[in-house]
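Spelled out from the first residue to the last, the chains are:
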Amino acid sequence: MTLSTIDMKILALLQNDARVTNQTLADQIGMSASPCWRKVRKLEEDEVIQGYRAVLNRKKIGLGVMVFVRVSIDSHSEAEAHKFEQEVTALDDVVACYSIGGDADFLLQVVAQDLDAYADFAMKVIRRLPGIKEMQSMFVLKEIKPLVSYPIKAG
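In every chain, residue numbers begin from 1 and rise along the written sequence. With pLDDT at 70 or above as the cut-off, local features in this predicted model cover only qualifying residues; side-chain atom pairs require 80 or more to be listed or tallied, and sums for whole chains, interfaces and linings still use all residues. Working from all heavy atoms in the structure, the side-chain values ignore hydrogens and water.

Participant: Outline the overall build of the protein, supporting the account with residue identities and numerical values.
Facilitator: Helices and strands together make up the secondary structure of the protein, namely five helices and four strands. Its C-alpha atoms give the protein principal-axis dimensions of roughly 55 × 40 × 25 Å. Taken over 155 residues, the protein has a buried fraction of 29%. Pairs of residues are marked as contacts when any of their non-hydrogen atoms sit within 4.5 Å. Partitioning the contacts of the protein with sequence separation of at least 6, the portion at a separation of at least 24 is 64%. Surface accessibility of the protein: about 10,700 Å² in total, with carbon and sulfur atoms responsible for 51%. Once the 19 positive and 21 negative side-chain charges of the protein are each reduced to a mean point, those two points are 7 Å apart. Secondary structure follows DSSP: runs of H or I at least 4 residues long count as helices, runs of E at least 2 residues long count as strands, and numbering of each begins at the N terminus. Categorising residues by exposure relies on relative accessible area from a 1.4 Å probe, with only protein chains included: less than 20% of the type maximum marks a residue as buried, more than 50% marks it as exposed, and the intermediate range marks it as partly exposed. Using the Shrake-Rupley algorithm and a 1.4 Å probe, accessible areas are obtained, with residue cover drawn only from the displayed protein chains. Neither His nor the chain ends contribute to the count of charged residues, in which Lys and Arg are positive and Asp and Glu negative. For charged residues, the charge sits on one atom: NZ in Lys, CZ in Arg, CG in Asp, CD in Glu.

Here is the structure:
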């Protein structure tokens, strides 16, 4: 799929403010409202735009601790990995999970109310996931640049 310069501009603007009106978006891009609306709908249909979300301050909603957890599993069979992935996907406290290369198999991003809540979650939930061989927790001390958008080169 090839994205046009206009598509890229739309994506950049929507990442910055997903609540922008279609008319404002069209004005900023330099096109009329109807074609702009059609382009946005096409980007949604093609799943380039996968949804719209509010960006929350995790600390203000009571999630004071963020931890990255490197996990190695016992078996590298497709079935074992798939079972682990299914279990992790169902965990609300795991806000992101990546299959990685290197000395671990998965990288989990976990949030918790505090250290005690994380310790409880780690011992009672993560350690009990299928096939866990080893896990290492890395605590976030300070968020320098959290993910809010992807780099868009718009023309």
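Participant: Can you lay out the nonpolar core for me, pointing to particular residues and giving the numbers?
Facilitator: What makes a nonpolar core is a set of buried Ala, Val, Leu, Ile, Met, Phe, Trp, Tyr and Cys residues whose side-chain atoms join them at distances within 4.5 Å. Counting residues in hydrophobic clusters, the biggest one holds 21 residues, and the most contacted among them are V69, V71, F84, L108, V110, Y118 and I126. Of the residues forming this core, the biggest block, five residues, is contributed by strand β1 (residues 65–73).

Participant: Give me the lowdown on the sheet that holds strand β2 (residues 94–99), citing residues and values where you can.
Facilitator: On the basis of which strands lie adjacent, the open sheet formed by four strands has the order β2-β3-β1-β4 and antiparallel pairing. On the outer flanks of this sheet lie β2 and β4 (132–139), each paired with one strand and no other. If you compare each strand with its neighbour and ignore which way they point, the axes differ by 20° on average. At least two DSSP bridges between two strands are required for those strands to pair. With seven bridges connecting them, β1 and β4 associate as antiparallel partners. Directly across from I73, in β4, lies its bridge partner I132. Axes, fitted as lines to C-alpha atoms, cover a helix only where it is in contact. Angles between the N-to-C directions of the axes lie from 0 to 180 degrees.

Participant: So what about the pattern of salt bridges? Which residues, and what values?
Facilitator: The salt bridge criterion pairs a side-chain nitrogen of Lys or Arg with a carboxyl oxygen of Asp or Glu, the two atoms within 4 Å. Scanning the entire structure with this criterion turns up six salt bridges. The partner of R41 in a salt bridge is E44, and the shortest N-O contact between them spans 2.7 Å. Here E44 and R41 lie together in helix α3 (residues 33–45), a separation of three residues that amounts to about one turn.

Participant: An account of the confidence of the model for the protein is requested, with residue identities and associated values reported.
Facilitator: Confidence of the predictor at the level of single residues is captured by pLDDT, which takes values from 0 to 100. Residue-level pLDDT values for the protein average 94, and 99% of them are 70 or greater. Taking the mean pLDDT of every element in the protein, the minimum, 90, falls on helix α4 (residues 78–89) and the maximum, 98, on helix α5 (residues 115–124).

Participant: Before we move on, can you summarise the side chain of S72 with the specific residues and values?
Facilitator: By secondary structure assignment, the location of S72 is in strand β1. Look at S72 and you get buried, because its relative accessible area is 9%.

Participant: So what's going on with helix α2 (residues 22–29)? Residues and values would help.
Facilitator: Buried within α2 are the following residues: L25, A26 and I29. Here the buried residues of α2 occupy an arc of 100° about the axis, which is enough to place them on one side. Exposed residues lying more than 90 degrees from the buried face of α2 are D27 and Q28. Where α2 ends, the next residue or the one after it, G30, has phi of about 90°, a positive value. The arc refers to the directions leading from the helix axis to the C-beta atoms.

Participant: Tell me about the pairing of β2, and name the residues and values.
Facilitator: As paired elements, β2 and strand β3 (residues 106–112) share five bridges and run antiparallel to each other. Following the sheet pairing, A96 is matched in β3 by Q109. Linkage of β2 to β3, two consecutive antiparallel strands, is achieved through a turn of six residues, within which G102 is found at a positive phi near 110°.

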